[in-house]
Amino acid sequence: MRLGLEYFKIYFLSTIRNIPALFFTLIFPPLMLLLFAHQWEEKNAFGALIVFFNYSVQTVALMLLGMGVTQEKNSEWAKYLRSLPVGLKPMLIGRMLHTLSLSFINLFSVSLVALFILHINVNFEQIISFATIALLGAIPMALLGMAIGYAANPESSRSIFTLLNLLLFFGSFSLPATGIFGTVRNFIPTYQWTVLSYSFVDKSISILNPLICLAAYSFFFLFLFQKMYRKTQKV
Amino acid sequence: MKQDFILEFKNITKNYGKINIIKNLNLNISHNEVIGLLGVNGAGKTTTIKMMLGQEIPTTGKIKLFGKNPTNPESRIHIGSTPQNIEFPEGLKTLEIIQFVQAHYPNPLPIQEMVEKFGLTNFLELKASKLSGGQKRRLALALAFIGNPKIVFLDEPTTGLDVEARKILWEVIKDYKNKGKTIFLTTHYLEEIEQIATRILFLQKGEIIADESVEGLQKLANSTQSKVSFDCGTECSFEGFQTIDSVINKNRNYTLITKNSDALIYELVKHNIPFSNLQIKKENLESAFLNLSKGE
Ligand SMILES: Nc1ncnc2c1ncn2[C@@H]1O[C@H](COP(=O)(O)OP(=O)(O)OP(=O)(O)O)[C@@H](O)[C@H]1O
Ligand SMILES: [Mg+2]
């Protein structure tokens, strides 16, 4: 665990000292909220807030963490780290904490936009609840980001992650409830994530299904990540 | 009881794709050795070290590092290494990197000690990625020793080091050996390791063609020869000399190759050769190496 914190420290420091990367990741979600919020005006401000909360976490996990993994996995430094007496766990903990901390900053800025610019009518308790669920979702999303990060090659990773980020974003709220899409959406992790957050507003929604789904995805992505990580070692 | 080796290579081969890089390598490394691995560019030195560290997996054969597979992190608790090339991540300061690497080891050396030894004091607050090439190498060396490992692997450690830093490195290696530890290093600068190496390995075309002490190697390379050179005011003739193998004459600067320099000097004096600026050069490892490589 102590070593996990050390990993977190170096990931965090090298991110916050990389101003351009930080700027784009952290500015994007609040900006999106600002631009799209009028779509939901009067109708479903809660929904918008939830979607963008989750989206901001998802962006950190995919664009910052996942793409970061792809870019550095073949570096001399990453190879050097593999000669140190350390297994996967501290690195995993470090990356997880890294994702959580940046997501937290992101949620903070989205909240500020929601409260003080858009004047969305939410109370403090709701914000805390949404933020908690959003951060919880960082677990499967970070694992997904890392699994793809280790699988993708540096040339294609930007397009892969951008596409995935968009698909998961729209998949989280825009699929119709009926027909084939109504079935498909149940298998989309970000949709279940939105449902979980929404259960705070609509108490009739059961949290069991989304929880099971997200947990299952977490294990699956963890498995995938381990596989991909090991594969990069074998030539 | 079986001697406990730090590292064992059993019938190791390594291919990259279809190309065979290492052929049937067998090797044991014990405590308290300084081993120099020599070989021309592309001989497979770095590949060998990478397999020792678990960064590359052999195509066939078995490697044991402290009795375990090197890909198992536990096997690497007592090792340190400096890779041939290293780049540090953007944004991290020298001190932060040292602290980070040190945190991986159960009984590390004090940071201060390593920082002073490798002359890093003035760079601690600088970004490691912005250091000069030689400064980066020094940092990488400090990282190899910081964990107080039982064996240190150094892949061409002197590349890019200035004279001062080289001297320091050889001192550190000597001290380290005196503590009973093992150093495994590769280099192209043969002269510098003949002073400290207890064992020399020659790697050629993926095979170890010699595994010897420095003296053993010189014998092996038929290298009891010395070069005796001097200036001579007049043309000299060496007729009747018993001890000369060959003569090179460059503008009355003579170089004589001999197997017995003492006897040759005696003969020079006996024949009243008017020599000046006499120099005697024992065959060094470098020429031994060349002889050996030529002999295939
Ligand atoms: N990842 C790789 N993929 C394919 N071939 C490789 C790879 N790494 C090394 N090789 C090949 O293996 C051979 C040995 O390389 P290696 O780096 O071990 O040589 P070396 O003895 O360390 O040389 P140098 O003195 O230049 O450092 C070379 O022919 C090289 O092209
Ligand atoms: Mg090399």
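Thresholds applied
Residues numbered from 1 in each chain as written. Chains lettered and ligands numbered in written order. Predicted model: local features only at pLDDT ≥ 70, side-chain atom pairs only at ≥ 80, totals over all residues. Heavy atoms only, no water. Near = heavy atom within 4 Å. Polar contact = N/O pair within 3.5 Å; in protein donor to acceptor, adjacent residues only side chain to side chain. Helix = DSSP H or I, 4+ residues; strand = E, 2+ residues; numbered from the N terminus. Nonpolar A, V, L, I, M, F, W, Y, C, P; charged D, E, K, R; others polar. Salt bridge = Lys/Arg side-chain N within 4 Å of Asp/Glu carboxyl O. Buried < 20%, exposed > 50% of the residue type's maximum accessible area, 1.4 Å probe, protein only. Pairing = 2+ DSSP bridges. Axes fitted to C-alpha atoms, helices over the stretch in contact; angles between N-to-C directions. Contact = heavy atoms within 4.5 Å. Buried area = accessible area lost by both parts, 1.4 Å probe. Donors = N, O, S within 2.8 Å, 3.2 Å for Na, K, Ca; no water. Domains from an automatic or database assignment. Phe/Tyr/Trp six-rings, centres within 6.5 Å; stacked < 30°, edge-to-face > 60°. 1 Å grid on protein atoms, 1.4 Å probe; cavity = no way out; pocket = protein on both sides within 12 Å on 5 of 7 lines; lining within 4 Å. Points joined across faces, edges and corners; volume = space filled by probe spheres on them.

S.K.: Help me out: how do you make sense of the site of ligand 1 in this one?
M.R.: All names here are of chain B. Taken together, 13 residues lie around ligand 1, and G42, K45, T46, T47 and Q84 are the ones closest in. A43 is positioned with one of its backbone polar atoms (N or O) 3.2 Å from an oxygen atom of ligand 1. The separation between an oxygen atom of ligand 1 and a polar main-chain atom of G44 is 2.9 Å. A per-element tally of the shell around ligand 1 places helix α1 (residues 45-52) first, with three residues. Here the residues of the shell around ligand 1 sort into four nonpolar, seven polar and two charged.

S.K.: Would you mind going over the pattern of salt bridges with me for this structure?
M.R.: Pairs can form between side chains of opposite charge once their charged atoms are near each other. Residue and element names in this part refer to chain B. Summed over all chains, the structure comprises 13 salt bridges over all chains. A salt bridge links E8 to K10, with the shortest nitrogen-to-oxygen separation between them at 3.7 Å. With relative accessibility at 11%, the residue E8 sits in the buried group. Among the salt bridges present, the one from R252 reaches E235, with a minimum N-O distance of 3.5 Å. One end of the pair, R252, is in the loop between β11 (244-250) and β12 (253-258); the other, E235, is in the loop between β10 (226-232) and β11, and 17 residues separate them in sequence. Three or more residues joined by partner-sharing salt bridges are found here, namely E33, R199 and D211.

S.K.: It is not clear to me how the sheet that holds strand β13 (residues 275-282) of chain B should be interpreted in this structure. Could you clarify?
M.R.: Strands belonging to one sheet form pairs held by backbone hydrogen bonds; the direction of such a pair is parallel or antiparallel. All names here are of chain B. Taken in spatial order, the four strands make up an open sheet running β11-β12-β10-β13, and their pairing is antiparallel. With one partner strand each, in any of the chains shown, β11 and β13 form the two edges of the open sheet. On average, each strand axis in the sheet is tilted by 20° relative to the strand beside it, whichever way the strands run. Bridge count for β11 against β12 is six bridges, and the pairing is antiparallel. Note that in β12 the partner of K250 across the bridge is N253.

S.K.: Would you take a moment to explain the interface of chain B and chain A for this structure?
M.R.: Frequently, the measure chosen for interface size is the accessible area removed from exposure when the parts meet. Taken residue by residue, the interface counts 33 residues in chain B and 23 residues in chain A. Looking only at chain B, the three residues that lose the most surface to chain A are Q55, F100 and H104 of chain B, adding up to 26% of its buried area. Taken together, the links from chain B to chain A amount to one salt bridge. The partner of R17 of chain A in a salt bridge is E96 of chain B, and the shortest N-O contact between them spans 2.9 Å. Connecting chain B to chain A are 10 residue pairs in polar contact (both at pLDDT 80 or more). Among the secondary structure elements, those contributing two or more residues to the side of chain B that touches chain A are β1 (7-16), β5 (79-82) and α2 (94-102) of chain B.

S.K.: Honestly, the coordination of the magnesium ion (ligand 2) in this entry has me stumped. Any pointers?
M.R.: Four donors placed tetrahedrally around a metal ideally meet at 109.5 degrees, and six donors placed octahedrally ideally meet at 90 or 180 degrees. Protein coordination at the magnesium ion (ligand 2) comes from T46 of chain B (OG1) and Q84 of chain B (OE1), with a distance range of 1.9 to 2.1 Å. Residue T46 of chain B is located in helix α1, and its partner Q84 of chain B is located in the loop between β5 and α2; the two are separated by 38 residues in the primary sequence.

S.K.: Could you clarify how one ought to interpret the domain arrangement of chain B in this entry?
M.R.: Taken as a whole, chain B is organised into domain 1 (5-219) and domain 2 (225-294). Here the C-alpha centre of domain 2 of chain B lies 39 Å away from the C-alpha centre of domain 1 of chain B.

S.K.: Can you walk me through the packing of aromatic side chains in this structure?
M.R.: Ring pairs (aromatic) are described by centroid distance and by the angle formed between their planes. All names here are of chain A. Applying the stated criterion across every chain, the model contains 26 aromatic pairs over all chains. A ring pair is formed by Y150 and Y229, whose centres lie 5.2 Å apart and whose planes are at 85°; its orientation type is edge-to-face. Taken together, the residues span a long stretch of sequence, with Y150 in helix α7 (residues 138-151) and Y229 in helix α11 (residues 208-233) at a distance of 79 residues. As far as the burial class goes, Y150 and Y229 line up, both buried. Here the aromatic rings of F220 and F221 are separated by 5.8 Å at their centres, their planes lie at 50°, and the arrangement is tilted. Among the residues examined, F220 registers a relative accessible area of 41% and is labelled partly exposed.

S.K.: What's the story with the layout of surface pockets in this structure? I'm lost.
M.R.: If a probe the size of a water molecule is rolled over the atoms, the empty space left behind becomes visible. Residues and elements named next belong to chain A. For the largest pocket, the calculated volume is near 880 Å³. Along its surface, the largest pocket is lined by 30 residues, and N18, A21, L64, G68 and Q71 are the ones closest to its centre. Secondary structure elements with two or more residues in the lining of the largest pocket: α1 (2-16), α2 (19-36), α3 (45-72), α4 (76-81), α5 (88-117) and α8 (154-171). Top contributing element to the lining of the largest pocket by residue count: α3, with nine residues. Taken together, the residues of the lining of the largest pocket break down into 15 nonpolar, 10 polar and five charged.

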